[in-house]
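The residues making up each chain are set out below.
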Amino acid sequence: MFDFITEEHEMIRQAARDFAQSAIAPIAADHDESGEFPLETVRQMGTLGFMGIEIPEEYGGVGMDTIAYVLAMEEISKVDASHGTIMSVNNSLVCHALLKYGTEEQKQKYLVPVASGSKIGAYSLTEPMSGSDAGNMRSRAVLSEDGSHYTINGRKSWVTSAPVADIILLFTMTSPERAHRGITAFIIETDREGFARGKTEPKLGIRASATSEITFDDYCSPVDNRLGEEGEGFKIAMAVLDAGRIGIAAQALGIAEAAMEASIKYAQEREAFGQKIGEFQMIQQKLADMKCRIDASRLLIYQAALAKMKASKAGGRYTLESSVAKLYASETAMWVATQAVQVHGGMGYSKELPVERYFRDAKITEIYEGTSEIQRLVIARHLTGLR
Ligand code: CAA
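Scoring rules and cut-offs
- Residues numbered from 1 in each chain as written.
- Predicted model: local features only at pLDDT ≥ 70, side-chain atom pairs only at ≥ 80, totals over all residues.
- Heavy atoms only, no water.
- Axes fitted to C-alpha atoms, helices over the stretch in contact; angles between N-to-C directions.
- Helix = DSSP H or I, 4+ residues; strand = E, 2+ residues; numbered from the N terminus.
- Parallel < 35°, antiparallel > 145°, perpendicular 65-115°, else oblique.
- Left-handed = near helix turned anticlockwise from the far one by under 90°.
- Contact = heavy atoms within 4.5 Å.
- Nonpolar A, V, L, I, M, F, W, Y, C, P; charged D, E, K, R; others polar.
- Near = heavy atom within 4 Å.
- Polar contact = N/O pair within 3.5 Å; in protein donor to acceptor, adjacent residues only side chain to side chain.
- Areas by Shrake-Rupley, 256 points an atom, 1.4 Å probe, with all protein chains shown as cover.
- Buried < 20%, exposed > 50% of the residue type's maximum accessible area, 1.4 Å probe, protein only.

A.B. asks: Hey, could you go over the packing of helix 3 (residues 66-79) against helix 6 (residues 233-269) for me, with residue numbers and the actual values?
C.D. replies: Each pair of packed helices can be summarised by the angle the axes make with each other and by the distance between the axes. Helix 6 packs onto helix 3 with a crossing angle of 45° between their chain directions and a minimal axis gap of 7 Å. Between helix 3 and helix 6, the angle is such that the two are oblique. Like other packed secondary-structure pairs, helix 3 and helix 6 cross with a definite hand, here right-handed. Counting all contacts with helix 3, which are made through Y69, V70, M73, E74, S77 and K78, the residues of helix 6 involved are I246, G247, A250, Q251, L253, G254, I255, E257, A258 and E261. For the contact of helix 3 with helix 6, the class distribution of residues is 8 nonpolar, 4 polar and 4 charged.

A.B. asks: Can you explain the site of the ligand? Please cite residues and give values.
C.D. replies: Close contacts around the ligand come from 26 residues, with S132, T160, H180, R181 and E369 the closest. Contact between the ligand and S132: a nitrogen atom at 2.8 Å from a main-chain N or O atom of the residue. Between D242 and the ligand, the recorded distance is 2.9 Å, taken from a side-chain N or O atom to a nitrogen atom. Bound to the protein, the ligand loses 81% of the 1,100 Å² it would expose on its own. Of all elements in the fold, only strand 3 (149-160), helix 6 and helix 10 (372-384) reach the threshold of two or more residues within the shell around the ligand.

A.B. asks: Kindly report on the environment of K286, identifying the contributing residues and their values.
C.D. replies: Residue position: K286 is located in helix 7 (residues 281-314). K286 gets classed as partly exposed once you look at its relative accessible area, which sits at 21%. Here the alpha-carbon distance between K286 and Y318, two residues 32 residues apart in the chain, equals 33 Å. Every residue in contact with K286, bar those within four places of it in the chain, is listed here: W335, Q339, Q342 and V343.

Honestly, it's all geometry; don't read function into it.
As structure tokens, this is what we get:
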């Protein structure tokens, strides 16, 4: 149907589908219930190449493109959005940043293990007092007089995968008087002194994806662990989020598809008033609208993925395409999951079926990596040129 989807793309889509069905589906409900991080299946995803899909083989990845990435993300998230979150942060935030901004030495030391899945990566921008207003941070990194290291102090919050991460991409302030132009990026090794993890957040959804605060108490970071130049951190954080938002859009698509498929099956089986509920027009309308919104989301995700692939060859940004895809796909996931619960009636509200999990998991896609409000702000600024 789409010329840009090759046989190789179909192979990774099938591999992700097979793995999700055989290894993730049997454990998804239990991990959702317990909130336990699925370390074993995440390691297996690394072995299969799903943790560094767009990273060249020489740096531990499988050297495929963004279309391959979104196809695999969709399949994994369709079965379990928690695995999708872990995969998305590792691929499109951490690996992408290290590949684009890292020195050769940083790539060998950090990208190779994170892309191959032997180490887990995390991305830390948000602070307790700054989420959407990402540039307004209180944490600090101070360069030593001899210029050999930075001393980092402060608290960051809502860091996906932080409880298990070996490497964290940190954005912190080196020159507060320069506001967002005073932010710098660092590669944090979590086994060093001065680094601590807070308690794992008890979340509504994506419960198997562990999230926590992290704190820095005179953490000593060698200058070699700075990613990019001093003051480039905000732009790195934003550019990397452009890639991350495509991953979240694909995750949302997977959740929406799972919710729609469950609804179709239920509409074909469940009877009321002497007929299948799928014969009622009010149910038909819900299913038809689900299908339209899901197909539209998929096209917007492909548009964003192709824009990213073009930008990686020719330069330029794909911020607009990425925000459009993330906004539309995440609101679609929430809408479809809400309708799916409604189609299922009481059973949609029961933990006996996965529909209530899709509903809880869908919500985060409208919040993290930029809320729907922030995506609308980004889109409107592009349209008008106004701020
Ligand atoms: N790529 C490159 N540069 C960019 C950029 C992008 N996508 N977006 C902005 N910039 C640059 C601008 O060009 C500007 O450059 P100059 O300094 O040269 O002028 C600079 O960054 C500042 O840009 P703005 O003036 O637009 O910045 P702002 O303060 O108005 O903020 C914002 C813009 C869109 C609101 C931004 O702060 C934002 O995206 N906020 C949401 C943050 C977010 O998504 N947080 C989620 C964190 S991750 C997470 O959810 C948890 C997890 O673990 C997954």
